[in-house]
Amino acid sequence: MSQQTARRGGTVWALVLTSTAGFMASLDNLVVTTALPSIREDLGGALDDLEWTVSAYTLTFAVLLMFGAALGDRFGRRRLFVTGLTVFTAASAAAAMAPGIDSLIAARAVQGVGAAIMMPLTLTLLTAAVPAAKRGMAFGIWGAVNGLAVASGPLIGGSLTEHVSWHWIFWLNVPIGLALLPLARLRLAESYGTGARLDPIGTVLASGGLFGIVYGLVRGPADGWTSSLVLTGLFAGTALLTGFVVHGSRAANPMLPMRLFRSRAFAGINAASLLMFLGMFGSIFLLSQYMQGVLGYSPTEAGLRMLPWTGMPMLIAPVAGYLADRVGGRPVVAAGLFLQALGLGYLAAVVTADASYAAQLPGLIVSGVGMSLYFAPASHLVMSSVREGEQGIASGANNALREVGGALGVAVMASIFSAQGGYETAEAFVDGLRPALVVGAGVVALAGGAALVIPGRRRSEKSVAVEDAEGVADVVGGAAVRGDVLEVVAER
């Protein structure tokens, strides 16, 4: 339960403001991909710099997401929403004015901090403003708007880059953010959670561990895998993540209780989500550059040609939801992941220095259908894998792991690309792209295998019911509060 202390606006205002803010945060995941060749040409930088341009955002977003939700519960959700929106807007302006690649990466990291505070609170505020009977429709609109942001990201980024400049993929956020700030203060009601506890130790361990591993993977090809900095990053990152697991197992109120992973359903869907995003993000990172740098498409043309993949969920997601209701989420998610693996494997087989778009199209469509079958049922599987009081923390964890998978995917697949090829010639790029796509296909196929570990629908429901009957009462403070407001974050 949350206590509403003031009401300054109605359902419509809350839906418009939170959906628009969510759109901006979701858009910045992929909007930069089609602008990467132009950024590289303008600011310079090597492959590892381009990786950080993407990963600096996804990584800070991932590790601070649950911490941002807890901050809102404790200090006021509208207040922290406005704070996150301010940080995001200012960082967007800094990215647009970045004089070099290093300053752009730094601005992207700060953008991720703002998004991590702002994004989960969009749902909290929406829940507080919308009557329970209308929340399903409101959440559906919110989810559709965020899905549109993901689908249109490469196209919007490509169009702005080609017809204005790449700076405008960041400038776009500034007037929207400035318009939202006073409206949020005037039209959104303040609310608080009860008993929300922060976990700064867990946040530091997770942030430091993931940064160390991603740093090692990014710098490995350039500095050598045996260099002291690379080895330090990999080993220190592994040690910190190990500490995070131990902390989550022993602490009284960890941000991610490790006991949740004792559930096959929870462990399976989260492993599948991490691996799926690893393969997908890494592939999009390289394919968007391939379409422009090798095949000679303009940024807009590249964005349009990615739509059969990135935009397919807008068409197929309702069908996926229907199928999941009929046969259960596990077979639909597994089928989707195996289809996406098949699509990536097909693309690996057909990419050449002069491949036609017609030759690539079947792979893009199959990958898009596969991704569509994954999204909607995966959210339900996350929710049904835990008790009702833990759904908020489960959803936040799943969304964070997706973002982590994206950051790792860019680092891993770019490392494979640079080991086998490079930017020197079209043939060199394809030599690096092909094995990276093969690995991406293999990783997504592993995700499909992880989905098959999830118990069937009846068995999973029985398992959760047994846990409820046993009355396990160790839900962390604030998790129940966040249950009704984070449960659709994973649908983004």
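The structure this text deals with has already been given above.
Let me sum up the structure you'll find in this document. (Residues numbered from 1 in each chain as written. Predicted model: local features only at pLDDT ≥ 70, side-chain atom pairs only at ≥ 80, totals over all residues. Heavy atoms only, no water.)

Some words on the overall build of the protein chain
Phase 1: A tally of helices and strands in the protein chain yields 19 helices and two strands.
Phase 2: In the protein chain, the proportion of contacts linking residues at least 24 apart, taken out of those at least 6 apart, comes to 85%.
Phase 3: Here the protein chain displays about 18000 Å² of accessible surface, and carbon together with sulfur accounts for 65% of that area. (Helix = DSSP H or I, 4+ residues; strand = E, 2+ residues; numbered from the N terminus. Contact = heavy atoms within 4.5 Å. Areas by Shrake-Rupley, 256 points an atom, 1.4 Å probe, with all protein chains shown as cover.)

Quick notes on a nonpolar patch on the surface
Phase 1: On the surface, a nonpolar cluster with roughly 360 Å² of combined accessible area is contributed by V319, Y322, L323 and V327.
Phase 2: As for its position among the elements, L323 is in helix α13 (residues 313–327). (Patch = residues over 30% accessible without salt bridge, like charges linked within 9 Å, V, L, I, M, F, W, Y side chains within 5 Å. Salt bridge = Lys/Arg side-chain N within 4 Å of Asp/Glu carboxyl O.)

Points about the side chain of S263
Phase 1: Mapped onto the elements of the fold, S263 is located in the loop between α10 (228–250) and α11 (264–293).
Phase 2: Overall, S263 belongs to the buried group, its relative accessible area being 15%.
Phase 3: Only 3.2 Å separates the side chain of S263 from the backbone nitrogen of F266, close enough to count as a polar contact. (Buried < 20%, exposed > 50% of the residue type's maximum accessible area, 1.4 Å probe, protein only. Polar contact = N/O pair within 3.5 Å; in protein donor to acceptor, adjacent residues only side chain to side chain.)

Points about the pattern of salt bridges
Phase 1: Scanning the model with the defined rule gives three salt bridges in all.
Phase 2: Here D28 and R108 are joined by a salt bridge, their closest N and O atoms 3.5 Å apart. Of this pair, D28 sits in helix α1 (residues 11–30) while R108 sits in helix α5 (residues 101–129); the two residues are 80 residues apart in sequence, bridging distant segments of the chain. In this structure, D28 and R108 share a single accessibility class: buried.
Phase 3: Put simply, D48 and R219 hold a salt bridge, and the shortest N to O gap is 2.3 Å.

Some details on the packing of helix α12 (residues 299–310) against helix α15 (residues 357–384)
Phase 1: Running from N to C, α12 and α15 point in directions that differ by 40 degrees, and their axes come no closer than 6 Å. When the interaxial angle is binned, α12 and α15 end up oblique. Contacts between α12 and α15 involve R305, P308, W309 and T310 from the former and Y357, L361, L364, I365, S367, G368 and M371 from the latter.
Phase 2: Here the contact of α12 with α15 is composed, by residue class, of seven nonpolar, three polar and one charged. (Axes fitted to C-alpha atoms, helices over the stretch in contact; angles between N-to-C directions. Parallel < 35°, antiparallel > 145°, perpendicular 65-115°, else oblique. Nonpolar A, V, L, I, M, F, W, Y, C, P; charged D, E, K, R; others polar.)

Digging into the nonpolar core
Phase 1: Ranked by size, the top nonpolar core spans 104 residues in total, and within it L104, F285, Y290, W309 and L337 carry the most contacts.
Phase 2: In terms of residue count, α11 provides more of this core than any other element does, 15 residues in total.
Phase 3: Residues L85, I117, L123 and A184 belong to the second largest nonpolar core, which totals 35 residues. (Core = buried A, V, L, I, M, F, W, Y, C linked by side-chain atoms within 4.5 Å.)

Things to note about the packing of helix α14 (residues 329–350) against helix α17 (residues 426–453)
Working note: a packed helix pair is described by the angle between its axes plus the distance between those axes.
Phase 1: Following both chains from N to C, one finds α14 and α17 inclined at 170 degrees, their axes separated by 8 Å at the closest point. As judged from the angle between their axes, α14 and α17 are roughly antiparallel. Side by side, α14 and α17 meet where R330, V333, A334, L337, F338, Q340, A341, L344, G345, L347 and A348 of the first sit next to R434, L437, V438, G440, A441, V444, A445, A447, G448, G449, A451 and L452 of the second.
Phase 2: Classifying every residue of the contact of α14 with α17 by side-chain character gives 16 nonpolar, five polar and two charged.

Describing the packing of aromatic side chains
Phase 1: Applying the stated criterion across every chain yields a total of 11 aromatic pairs.
Phase 2: With 6.4 Å between their ring centres and 50 degrees between their planes, W168 and W171 make a pair best called tilted. With W168 and W171 both in helix α7 (residues 168–171) and three residues apart, this pair spans about one turn of that helix.
Phase 3: Here W171 falls in the partly exposed class, since its relative accessible area comes to 24%.
Phase 4: Ring plane angle 70 degrees and centroid distance 4.9 Å describe the contact between F261 and F266, whose orientation is recorded as edge-to-face.
Phase 5: Of the residues examined, F261 reaches a relative accessible area of 30% and is grouped as partly exposed.
Phase 6: An aromatic cluster is present here, built from Y290, F417, Y423 and F429 joined pairwise through their rings.
Phase 7: Of note, R40 hangs over the ring of Y423, and the distance from its end group to the ring centre comes to 4.0 Å.
Phase 8: Above the face of the Y297 ring, R305 is positioned so that its terminal group lies 4.2 Å from the ring centre. (Phe/Tyr/Trp six-rings, centres within 6.5 Å; stacked < 30°, edge-to-face > 60°. Lys NZ or Arg CZ within 6 Å of the ring centre and 35° of its normal.)

Brief notes about the environment of S227
Phase 1: Within the fold, S227 resides in the loop between α9 (200–223) and α10.
Phase 2: Considered as a pair, S227 and G216 are 11 residues apart in the sequence and their alpha carbons are 9.6 Å apart.

Digging into α13
Phase 1: Compared with the 21 Å implied by 1.5 Å per residue over 15 residues, the 19 Å span of α13 between its first and last C-alpha is a close match.
Phase 2: Among all positions of α13, only P313, I316, A320 and A324 are buried. Across the axial projection of α13, the buried residues extend over an arc of 85 degrees, all falling on one side. Of the residues in α13, the exposed ones pointing more than 90 degrees away from the buried face are L315, P318, D325 and R326. (Expected span 1.5 Å × (residues − 1). Arc of directions from axis to C-beta.)

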